[in-house]
Amino acid sequence: MRVLIDGACPYCRALGRTLKALGGTLQVVPLQEASGLDPKALLEELHVLEGDRTHRGYAALLALARRLPLLWPLYPVLLLLVPFGTGERLYRFLAKRRPRARASRGGDHP
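It should be emphasised that the depicted structure is a prediction, and the values quoted were computed from it without experimental measurement. (Residues numbered from 1 in each chain as written. Predicted model: local features only at pLDDT ≥ 70, side-chain atom pairs only at ≥ 80, totals over all residues. Heavy atoms only, no water.)

**Observations concerning the overall build of the chain**
Of regular secondary structure, the chain possesses 6 helices and 4 strands. Relative to the 2.2 N^0.38 estimate, which gives 13 Å for 110 residues, the radius of gyration of the chain is 14 Å and therefore close to what a compact globule would have. Summarising its shape, the C-alpha atoms of the chain cover approximately 40 × 30 × 25 Å along the three principal directions. Here the chain holds 110 residues, and 35% of them are scored as buried. Pairs at least 24 residues apart make up 56% of the contacts formed inside the chain by residues separated by at least 6 positions. Roughly 6800 Å² of accessible area belongs to the chain as shown, and the carbon and sulfur atoms make up 61% of that amount. Taking the 17 positively charged and 9 negatively charged side chains of the chain as two groups, their mean positions are separated by 6 Å. (Helix = DSSP H or I, 4+ residues; strand = E, 2+ residues; numbered from the N terminus. Rg over C-alpha atoms; globule rule 2.2 N^0.38 Å. Buried < 20%, exposed > 50% of the residue type's maximum accessible area, 1.4 Å probe, protein only. Contact = heavy atoms within 4.5 Å. Areas by Shrake-Rupley, 256 points an atom, 1.4 Å probe, with all protein chains shown as cover. Lys, Arg positive; Asp, Glu negative; His and termini not counted. Charge placed at Lys NZ, Arg CZ, Asp CG, Glu CD.)

As structure tokens, then:
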């Protein structure tokens, strides 16, 4: 499983360090090094690559919680936020407020 994070975002880098500390066979890769995926979409939401599947946004968080044993206790809570798109809306609310997302809305990022 590979997690693509924004290497220019302090929140994303902190998430990457945390995920690495949780162990497993997880690879954390800056999205700036990714190829074959839409660069704009990569900047808008977290991407987790699992085999031939790509999980984005809240689904990426669910995939991580399902995969990492230390996050298993959170998985049922995250599932409770799926109905009616609650988890996805919360994810988008937080994602729009990360430092890189604020800078890129002004048009100064490709």
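**Concerning the pairing of strand E3 (residues 47-50)**
Where strand E1 (residues 2-5) meets E3, 3 bridges bridge the pair, whose relative direction is antiparallel. Counted as the bridge partner of Val3 is Val48 from E3. In the sheet, E3 pairs with strand E4 (residues 53-56) via 4 bridges, with the strands oriented antiparallel. Its bridge partner lying in E4, Leu49 is registered against Thr54. (Pairing = 2+ DSSP bridges.)

**A look at the layout of surface pockets**
Taken as a whole, the largest pocket holds about 460 Å³ of empty space. Lining the largest pocket are 22 residues, and of these Leu15, Leu61, Tyr91, Leu94 and Ala95 sit closest to its centre. Among the elements of the structure, E1, helix H1 (10-21), helix H2 (39-44), helix H3 (58-67) and helix H5 (86-95) are those that each provide at least two residues to the lining of the largest pocket. Considering each element in turn, the lining of the largest pocket owes the most residues, 5 residues, to H5. (1 Å grid on protein atoms, 1.4 Å probe; cavity = no way out; pocket = protein on both sides within 12 Å on 5 of 7 lines; lining within 4 Å. Points joined across faces, edges and corners; volume = space filled by probe spheres on them.)

**Quick notes on H5**
Listed as buried for H5 are Gly87, Tyr91 and Ala95. The arc that holds every buried residue of H5, seen down its axis, measures 65°, which confines them to one face. (Arc of directions from axis to C-beta.)

**A closer look at the packing of H3 against H5**
Two numbers describe how H3 lies on H5: the axes approach to 9 Å, and their chain directions differ by 105°. Accordingly, the angle class assigned to the pair H3 and H5 is roughly perpendicular. Where H3 abuts H5, its residues Tyr58, Ala59 and Leu61 lie against Gly87, Glu88 and Tyr91. For the contact of H3 with H5, the class distribution of residues is 4 nonpolar, 1 polar and 1 charged. (Axes fitted to C-alpha atoms, helices over the stretch in contact; angles between N-to-C directions. Parallel < 35°, antiparallel > 145°, perpendicular 65-115°, else oblique. Nonpolar A, V, L, I, M, F, W, Y, C, P; charged D, E, K, R; others polar.)

**Quick word on the UniProt feature "transmembrane region" (unreviewed entry) in the chain**
Mapped onto the present numbering, the UniProt feature "transmembrane region" (unreviewed entry) falls at residues 70-91. Between the C-alpha atoms that bound residues 70-91 there is a distance of 21 Å. The span itself is 55% helix and 0% strand. (UniProt positions renumbered as here; feature names shortened; annotations may be inferred.)

**Quick notes on the nonpolar core**
One finds Val3, Leu19, Leu26, Leu46, Val48 and Leu64 to be the most contacted residues of the largest nonpolar core, which totals 21 residues. Where this core is concerned, the elements lending two or more residues are E1, H1, H3 and H5. Residue contributions to this core peak at 6 residues, all from H3. Once you skip the residues sitting within four places of it in the chain, Val48 turns out to touch Met1, Arg2, Val3, Arg53, Thr54, His55, Ala60, Ala63 and Leu64. Listed in part, the 6 residues of the second largest apolar core include Leu4, Leu42, Leu43 and Leu49. (Core = buried A, V, L, I, M, F, W, Y, C linked by side-chain atoms within 4.5 Å.)

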